[in-house]
Amino acid sequence: MDIFEIIGPIMVGPSSSHTAGAVRIGLVARKLLARPPVRAELLLHGSFAATGRGHGTDRALVAGLLGFEPDDTRIPDSFVYAKEAGLDFRFDTVELRDAHPNSVLLRLWAEPDGKPMEVVGASIGGGRIEIREFNGIKLRFSAEAPTLIVKNRDNPGSVADVSYLISRRSINIATFQVNRSSRGGEAVMVIECDTPIRQELITAIRSMPDIVDAVGINP
Amino acid sequence: MIFASVTNLLSAAEKSGLPLWECILRHSAEESGIDPAASRARMRKCLDAMREADASYDPQQRSRSTLVGGQAEKMRLQAEAGRSISGEFIGRILAGALRMGECNACMHRIVAAPTAGACGVLPAVLLPYAEKYGTSDEELVNALYIASGFGCVIAQRASISGAEAGCQAEIGSASAMAAAALVYLHGGTPEQMANAVAIALKNLMGLACDPVAGLVEVPCVKRNAIGAMNALTAAELALAGISSAIPADEVIDAMRQVGLSLPGALRETGKGGIAAAPTAMRFAASFFG
Ligand code: SF4
């Protein structure tokens, strides 16, 4: 039991799930994109869609996309900061299947005309979040620990390759999931580690055969 | 596990020979693998953030729904003019609780304690107390450890989430934590803190979570005021040597049971209680259009 979940977090109000959690979803999505987004579509589901406006969920999500932390007092004015940062965004609502009531589907572009990245994030209470979908593949991670996300062509050798690269750097693996796309062909590994993930490891993983992409996010 | 029950918490402190706050600090730091000094610095930051939030209040500001804002200022003026029924100290506590609740609704930076909706209760009693009795910041930080220790037990045995167990778990828990902190500051024993926790929780047992339009505004802001007054009441009783007929752990378990039996309409869905009053429904319809 962490006492700072009882006294704390220090956060911009009014709601840990609808505000602080929303900032965190935006922030993790930005880290997954690995570059500042220039364009974003934010599709709100369930309670996010119903009461999000009154809770500032919209401004919180955009703040996260700009890289603000949940205690950043600029959150209420994030739309103004988005303009300054050249982030073009649009809100809408969506009905996601089997989604948590506090969910959002984020479509993010690192270049205006490129292919967007898609993330579904859920705010599960007390400011904690889970990423539930990444580019159409269902998965689940909290982003509370350093996390590696590796997309590969579905080939059993890839798991061994990636594990080897991690263990050679004496990094402890806390959890390891492999999530396959229902369409087949591609899989996503989600690896939670005990120590921060460095760019050098990501570069090494990217150079392996059958790896499509890899990103690492540190809390 | 010292946070599994109030009994464990108190006996762990007694066995260690440490003051209760220090026992809570050491155990929690060890559990999360952080240095006790770092924990203390972090708690100190929470205290500073409470003060900053209180100072950030703007009487002109209204929440996005326009339901909330400016009320704390009315209470402050009333108290300062000496017109409050129960005197300036109580008036200040009431104003402080409203101020923090309004700050939260207006998207200021606050300290969730234990939640954002209930963030006004602890600072509302601690800050005026410290001013009146000249309490040092070090003592206030100790008091926050006391509050968090009892809060941990409530979170583990029952809940601190309105969506799970109703407002008794948010404002009720905040009030119990604040009551224990006040007993500590006023020189009470750990047993008296446990009694204050039990009394505070009993007084708010069954409180529904029924936010109008699902927003943390009505009735949340004003419930911070009653949470603070209830903390003061429970602390006064406990300090006078009055004990709770039902031990704190059993009260917490009862609160859990009540939470489980609350219908969904009374657990933060904005569908029952005050949220279902005709005026509330009209408001919700016009706000979400
Ligand atoms: S009514 Fe519900 S949302 Fe409001 S303070 Fe109480 S528990 Fe929190």
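The rules behind the values
Residues numbered from 1 in each chain as written. Chains lettered and ligands numbered in written order. Predicted model: local features only at pLDDT ≥ 70, side-chain atom pairs only at ≥ 80, totals over all residues. Heavy atoms only, no water. Near = heavy atom within 4 Å. Nonpolar A, V, L, I, M, F, W, Y, C, P; charged D, E, K, R; others polar. Helix = DSSP H or I, 4+ residues; strand = E, 2+ residues; numbered from the N terminus. Expected span 1.5 Å × (residues − 1). Buried < 20%, exposed > 50% of the residue type's maximum accessible area, 1.4 Å probe, protein only. Contact = heavy atoms within 4.5 Å. 1 Å grid on protein atoms, 1.4 Å probe; cavity = no way out; pocket = protein on both sides within 12 Å on 5 of 7 lines; lining within 4 Å. Points joined across faces, edges and corners; volume = space filled by probe spheres on them. Pairing = 2+ DSSP bridges. Axes fitted to C-alpha atoms, helices over the stretch in contact; angles between N-to-C directions. pLDDT = per-residue confidence, 0-100. Phe/Tyr/Trp six-rings, centres within 6.5 Å; stacked < 30°, edge-to-face > 60°. Salt bridge = Lys/Arg side-chain N within 4 Å of Asp/Glu carboxyl O. Buried area = accessible area lost by both parts, 1.4 Å probe. Polar contact = N/O pair within 3.5 Å; in protein donor to acceptor, adjacent residues only side chain to side chain. Arc of directions from axis to C-beta. Domains from an automatic or database assignment.

In the vicinity of the ligand, the contacting residues are Gly162, Cys167, Glu170, Cys209, Asp210, Cys220 and Arg223 of chain B. Residues that form the shell around the ligand fall into these classes: three nonpolar, one polar and three charged.

Moving on, we get to helix α6 (residues 121-133) of chain B. Residues and elements named next belong to chain B. For α6, spanning 13 residues, the distance from its first C-alpha to its last is 19 Å, which sits close to the expected 18 Å at 1.5 Å a residue. Along α6, ten of the 13 residues are buried, which leaves the element largely enclosed by surrounding structure. Of all the positions in α6, only Val121, Leu122, Pro123, Ala124, Val125, Leu126, Leu127, Pro128, Tyr129 and Ala130 are classed as buried. Looking at the buried side of α6, the elements it contacts are α3 (36-55), α5 (88-105), α7 (137-157), α9 (171-185) and α11 (220-239). Downstream of α6 by one or two residues, Gly134 has phi in the positive range, about 65°.

Residue and element names in this part refer to chain A. Estimates place the volume of the second largest pocket at around 490 Å³. Forming the boundary of the second largest pocket are 20 residues, of which Leu33, Lys115, Met117, Asn135 and Asp213 lie nearest the centre. Put simply, the parts of the chain that give the lining of the second largest pocket at least two residues each are α1 (16-33), β8 (147-153) and β11 (211-217). With four residues, β11 is the single largest residue contributor to the lining of the second largest pocket.

The next subject is the sheet that holds strand β3 (residues 88-93) of chain A. Residue and element names in this part refer to chain A. Strand order in the open sheet formed by six strands is β3-β2-β4-β5-β6-β7, with mixed pairing between adjacent strands. Each having just a single partner strand, β3 and β7 (137-141) make up the two edges of the open sheet. Going across the sheet, the axis of each strand differs from the next one's by a mean of 20°, ignoring polarity. With seven bridges joining them, strand β2 (residues 39-45) and strand β4 (residues 102-109) adopt antiparallel strand pairing. Paired with Leu42 across the strands is Leu106, a residue of β4.

Scored by pLDDT, chain B has a mean of 96; 100% of the residues are at 70 or more. Scored as a complex, the prediction yields pTM 0.93 and ipTM 0.96.

Residue and element names in this part refer to chain A. This model, assessed by the stated rule, comprises six aromatic pairs over all chains. Seen from their ring centres, Phe79 and Phe91 are 6.1 Å apart, and the 40° between their planes marks the pair as tilted. Highlighted residues: Phe79 in helix α4 (residues 78-84) and Phe91 in strand β3, separated in sequence by twelve residues. Classification of Phe79 as partly exposed rests on a relative accessible area of 29%.

The subject of this paragraph is the sheet that holds β11 of chain A. All names here are of chain A. Read across the sheet, four strands follow the order β9-β10-β8-β11 without closing on themselves; strand pairing throughout is antiparallel. Each edge of the open sheet is held by one strand with a lone partner, namely β9 (173-180) and β11. Along the sheet, successive strands turn relative to each other by an average axial angle of 15°, direction set aside. In this sheet, strand β10 (residues 186-193) lies alongside β8 in antiparallel orientation, the contact comprising seven bridges. Bridge pairing links Val150 to Met189 in β10. Sitting on the sheet, helix α5 (residues 156-168) touches β8, β9, β10 and β11, and the angle it makes with β10 is about 25°.

With that settled, consider the pattern of salt bridges. Residues and elements named next belong to chain B. Summed over the entire model, instances satisfying the criterion amount to 30 salt bridges over all chains. For Arg44, the salt bridge goes to Asp137, with nearest N and O atoms at 3.0 Å. With a gap of 93 residues between them, Arg44 in helix α3 and Asp137 in helix α7 connect regions that are remote in the sequence. On the basis of relative accessible area, Asp137 is assigned to the partly exposed category, the value being 23%.

Every contact between the two is made by 42 residues of chain B and, on the other side, 29 residues of chain A. Here chain B packs against chain A, burying approximately 2800 Å² in sum over the two surfaces, 66% of which is carbon and sulfur. For the chain B face of the interface with chain A, the top three residues by lost area are Arg64, Met107 and Arg109 of chain B, together amounting to 28%. Put simply, chain B and chain A have one salt bridge between them. One salt bridge connects Arg64 of chain B with Asp58 of chain A, and the closest N-O pair in it is separated by 3.3 Å. At the boundary of chain B with chain A, the tally comes to eight residue pairs in polar contact (both at pLDDT 80 or more). Put simply, the parts of the chain that give the side of chain B that touches chain A at least two residues each are α2 (20-31), α3, α5, β1 (109-111), α7 and α13 (278-288) of chain B. Top element by residues in the side of chain B that touches chain A is α7 of chain B. It accounts for eight residues.

Given 3.6 residues per turn, any residue in an α-helix points the same way as the ones three and four places further on. What α13 of chain B keeps buried is the set Ala280, Phe283, Ala284 and Phe287 of chain B. Taken end-on, α13 of chain B shows its buried residues confined to a sector of 100°, consistent with a single buried face. Pointing more than 90 degrees away from the buried face of α13 of chain B are the exposed residues Pro278, Arg282 and Ser286 of chain B. The inward-facing, buried residues of α13 of chain B abut α2 (46-55) of chain A.

All names here are of chain A. Looking at chain A, the domain boundaries give domain 1 (3-141) and domain 2 (147-217). On the domain 2 side, the residues contacting the eleven residues of domain 1 number 14 residues. Counting every contact that joins domain 1 to domain 2 gives zero salt bridges. One can count one residue pair in polar contact (both at pLDDT 80 or more) joining domain 1 with domain 2. Sort the elements by how many residues they give to the side of domain 1 that touches domain 2 and β7 lands first, with five residues. Grouping the amino acids of the side of domain 1 that touches domain 2 by side-chain chemistry returns seven nonpolar, one polar and three charged.

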